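A closer look at the structure
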Amino acid sequence: MNKSELKPAVVFEQFAKINQIPRPSKREEKMIAYLKDWGESHELDTKVDETGNVIIRKGATPGMENRKTVILQSHMDMVCDKLVDYEIDFDNDPIKTYIDGEWLTAEGTTLGADDGIGCAMELALLASDDVEHGPIECVFTRDEETGLTGAEGMKAGFMTGDYLINLDSEDEGEIFVSCAGGRNTTAKFTIKKVDAPAGLFFLRAQLKGLVGGHSGDDINKQRANAIKLLGRFLYQTINKYEGVRLAQFNSGKLHNAIPRDGMFVIAVPHDVKENIKADWNIFASQVEDEFCVTDTQMVWTMESTDPEPVIESGVARNFIFALQAVDNGIYAICQDPALNGLVETSSNIASIKTTDDSIDILSSQRSNVMSNLDNMCATIGACFRLAGAEVKHSDGYPAWKMRSHSDLQRIVKESYVKLFGKEPIMRGIHAGLECGLFSERYPNLDMVSFGPTLRFVHTPDERLHIPTVQMVWDHLLDVLKQIPEKK
C-alpha cells in the first residue's frame, strides 16, 4: 500500500495537510490560522473564541434542515515527543509519515493522529458535497494535551448543538460514555550543589527503550516507568554503600506520558565502583525479567563521566527515599459493573528535572470519582512533603459521568450493529476527555466519543490502524443520517 491508496481518501488527504502544520500544545497559532482560513475560504460560518478554539458551522443538506444539530469535536494540538537521537523542530518542521503494513506511523516522532485524525474527519465532512446530514458544528479545541485549557476557556453558548460526538478515542469498536477527571501534583526539592569529596568516581547511568504510553489509557498495561526504576536502583545503592552522592537525575518530558527514558549521575568511592557496575547489570537483568511481556527493548548503560558538583547529601537522600515510596500505577478499579473493570484511580510520576537549585517533579493523578482523585493527590503530596519538598496541586478537570438514558448512545450503538453485525463495547476511559468540562458547561448535552484504533500514543511509536479509519468514517456518516428531528 502507498499513500495514494489510503481510504477514505478524503480523510487521509486532510490528515496529510494537517501534518504539515506545526501544532504543539500551547503553540497552536499556525493551526488556528489554518482552520480559520480554511473555513472562510469554503464560505462557512467560522469563529475563533478568545481562548483560540475554532468552530465551523455547516447547514443541513436538503430535506434534513429540521434535524437536531450535531457537534463534532476534536483537539488541534498534539503531543510532541521524539526519539533521543532524532532531529526535528516541532515549531517549524512537518511530521514525516510512512506506511508500515496496515499502520500509518511517523519517522522518529509522535504521529499526531491524536487528535489530528479527528480533525481530518471534521474537515473532510465540511468539504463534502455528497454526505447527508442535519446542521453540524465542527469544533476544534486547543491545548487538550497539557491541561484541557481550550475546553476550560470555552464560554457557554459557543456551541449550540444537541448532541456531541468527540472524535478523540483510540479503539475502534469501543464507544466511550464516561471519562476520568485529573489533576497534576508538582514537588520541588530546593537543593544546594557542592563540590564532591575528594577521591570519588563519577558514573552516568541511562535507561531508554521503554514502551511508555499514555499515563491514563495505558496505565492498566503495567508498563515500566523509567523514573521508578532509576529511583529504585538508587535507593538500593545508597542503602548498600556509604559515601554515594547524587549529582543529577533527569527523566520524562510530558505530564500525560509514562516516562520511557531517563538518566542519573552519581559519585561513588573508588573501591565500590566495580561493585556498583555489577549491581547495575544484575538489576537490569531482574527488571527485564519483570517486564518481559510489556517492555522487551530496554537499553541499560553505565559509564564513567566527568566530575561535577553534587547535591547536598541530606536532600538527595530524602529525594531518593521519596521516589522509592511514592505510589505509582493503579490504585483502584471501578466498582460499577457497567464500566467492566475500568481503572478508577491511578497516579503516574511523569517527569523529573534537576537544575542548579532544585529538583522538580511532575506527576498526574486520575479518577472517575472526584473524592478519590482528591485522596490520590493528597497521598502523593504527603509522600513528597514528608521528604521535605514543596508541593502544589493544579486545579485539574472534572470527570464525565455516564448518562443512564442517552438517545445518542442508542443511535450510535444501533448504527454500529447494522453496519458491522456486532455490538460495540460501551465503556468509560481512564483518561481526560474534554467531555468532562463540556458536561459542566452544557449539562443537557448528550455526548459519546469514538475514533479509529491508535497505539502507543504520546510516544514516537504512535501508529494509526488504517482499516479502522474507513470503519469509523462509515459509522460517523451513518449516525448523522439517523439523527432525529427537533421536537
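Above this note sits the structure.
Attention here is on the structure that accompanies the text. (Residues numbered from 1 in each chain as written. Predicted model: local features only at pLDDT ≥ 70, side-chain atom pairs only at ≥ 80, totals over all residues. Heavy atoms only, no water.)

1. What to know about the overall build of the chain
- Along the backbone of the chain there are eleven helices and 25 strands.
- Considering the chain as a whole, with its 487 residues, one finds that 58% of them fall into the buried category.
- Intrachain contacts of the chain at a sequence separation of at least 6 include 80% that bridge at least 24 residues.
- Summed over all atoms, the accessible surface of the chain reaches about 20000 Å², with 48% contributed by carbon and sulfur. (Helix = DSSP H or I, 4+ residues; strand = E, 2+ residues; numbered from the N terminus. Buried < 20%, exposed > 50% of the residue type's maximum accessible area, 1.4 Å probe, protein only. Contact = heavy atoms within 4.5 Å. Areas by Shrake-Rupley, 256 points an atom, 1.4 Å probe, with all protein chains shown as cover.)

2. Let's talk about the nonpolar core
- Formed by 57 residues in total, the largest nonpolar core has its most connected members in F140, I165, F450 and L464.
- The element contributing the most residues to this core is helix α3 (residues 113-127), with nine residues.
- With sequence-adjacent residues up to four places away left out, F450 is seen in contact with I165, N166, L167, D168, S169, E174, I175, V412, V472, H475 and L476.
- Membership of the second largest hydrophobic core comes to 52 residues, among which are I191, I227, F233 and I238. (Core = buried A, V, L, I, M, F, W, Y, C linked by side-chain atoms within 4.5 Å.)

3. Points about the sheet that holds strand β25 (residues 463-465)
- With antiparallel pairing, four strands are arranged side by side in an open sheet as β4-β5-β25-β24. The sheet is open, and its two edges are formed by β4 (97-100) and β24 (454-455), each paired on a single side.
- Packed on one face of the sheet, helix α11 (residues 466-482) meets β4, β5 (103-106) and β25 and runs near 55° to β25. (Pairing = 2+ DSSP bridges. Axes fitted to C-alpha atoms, helices over the stretch in contact; angles between N-to-C directions.)

4. Digging into the packing of helix α1 (residues 9-18) against α3
- Axis separation between α1 and α3 bottoms out at 8 Å; the angle between their running directions is 125°. Taken together, the axes of α1 and α3 lie oblique to each other. At the point where α1 passes α3, the crossing takes the right-handed sense. Facing α1, whose interface residues are V10, V11, Q14, F15 and I18, α3 presents A113, G116, I117, C119, A120, M121, L123, A124 and A127.
- In terms of residue class, the contact of α1 with α3 is built from twelve nonpolar, two polar and no charged. (Parallel < 35°, antiparallel > 145°, perpendicular 65-115°, else oblique. Left-handed = near helix turned anticlockwise from the far one by under 90°. Nonpolar A, V, L, I, M, F, W, Y, C, P; charged D, E, K, R; others polar.)

5. Some words on the side chain of E144
- Looking at where E144 falls in the secondary structure, it is placed in the loop between β6 (136-141) and α4 (149-153).
- Of the side chains with opposite charge, R366 comes closest to the buried, unpaired E144, at an N-O distance of 7.5 Å.
- Discounting chain neighbours no more than four positions away, the residues touching E144 are H75, D77, D168, G432 and E434. (Lys, Arg positive; Asp, Glu negative; His and termini not counted. Salt bridge = Lys/Arg side-chain N within 4 Å of Asp/Glu carboxyl O.)

6. Examining the pairing of β4
- Here four bridges tie β4 to β5, and the two strands are oriented antiparallel to one another. Counted as the bridge partner of I99 is L104 from β5.
- Where β4 folds back onto β5 in an antiparallel hairpin, the turn is made up of two residues, including G101, whose phi is positive at roughly 65°.

7. Side note on the packing of helix α5 (residues 226-240) against helix α6 (residues 273-290)
- Between α5 and α6, the least distance of the axes is 11 Å, while the angle of their chain directions is 140°. Regarding the angle of α5 to α6, the classification is oblique. In the packing of α5 onto α6, the handedness of the crossing is right-handed. Across from L229, L230, R232, F233, Q236, T237 and K240 in α5, the residues of α6 making contact are I276, D279, W280, F283, V287 and E290.

8. Some points on the pairing of β6
- When you tally the buried positions in β6, you get six out of six residues, the bulk of the element.
- A two-sided burial pattern is seen for β6, the buried positions comprising I136, C138 and F140 on one face and E137, V139 and T141 on the other.
- Note: strand β2 (residues 54-58) against β6, five bridges, orientation antiparallel. Looking at the pairing, V54 lines up with F140 of β6.
- Two elements, strand β3 (residues 70-75) and β6, share six bridges in a ladder whose sense is parallel. What sits directly across from L72, in β6, is C138.

9. Some remarks on the packing of aromatic side chains
- Per the counting criterion, the structure on display carries eleven aromatic pairs.
- Relative to F384, the ring of F189 has its centre 6.4 Å away and its plane inclined at 80°; by these criteria the two rings are edge-to-face. With F189 in strand β9 (residues 181-190) and F384 in helix α8 (residues 370-386), this pair connects stretches of sequence that are 195 residues apart. The pair F189 / F384 is uniform in exposure class, with both members buried.
- Lying across the ring of F201, K273 places its NZ or CZ 4.0 Å from the centre. (Phe/Tyr/Trp six-rings, centres within 6.5 Å; stacked < 30°, edge-to-face > 60°. Lys NZ or Arg CZ within 6 Å of the ring centre and 35° of its normal.)

10. Topic: unusual backbone geometry
- Following K7, the chain continues into P8 via a peptide bond in cis, with omega recorded as -5°.
- One can find P8 in the segment before α1.
- With an omega of 5°, the peptide bond between D114 and D115 qualifies as cis.
- Summarising the element assignment, D115 is placed in helix α3.
- Residues other than glycine seldom take positive phi values, yet E43 does so here, at roughly 55°.
- Mapping E43 onto the fold places it in the loop between α2 (29-41) and β1 (45-48).
- E43 gets classed as exposed once you look at its relative accessible area, which sits at 75%.
- In the Ramachandran plot, Q222 falls in the positive-phi region, its phi being about 60° despite a non-glycine side chain.

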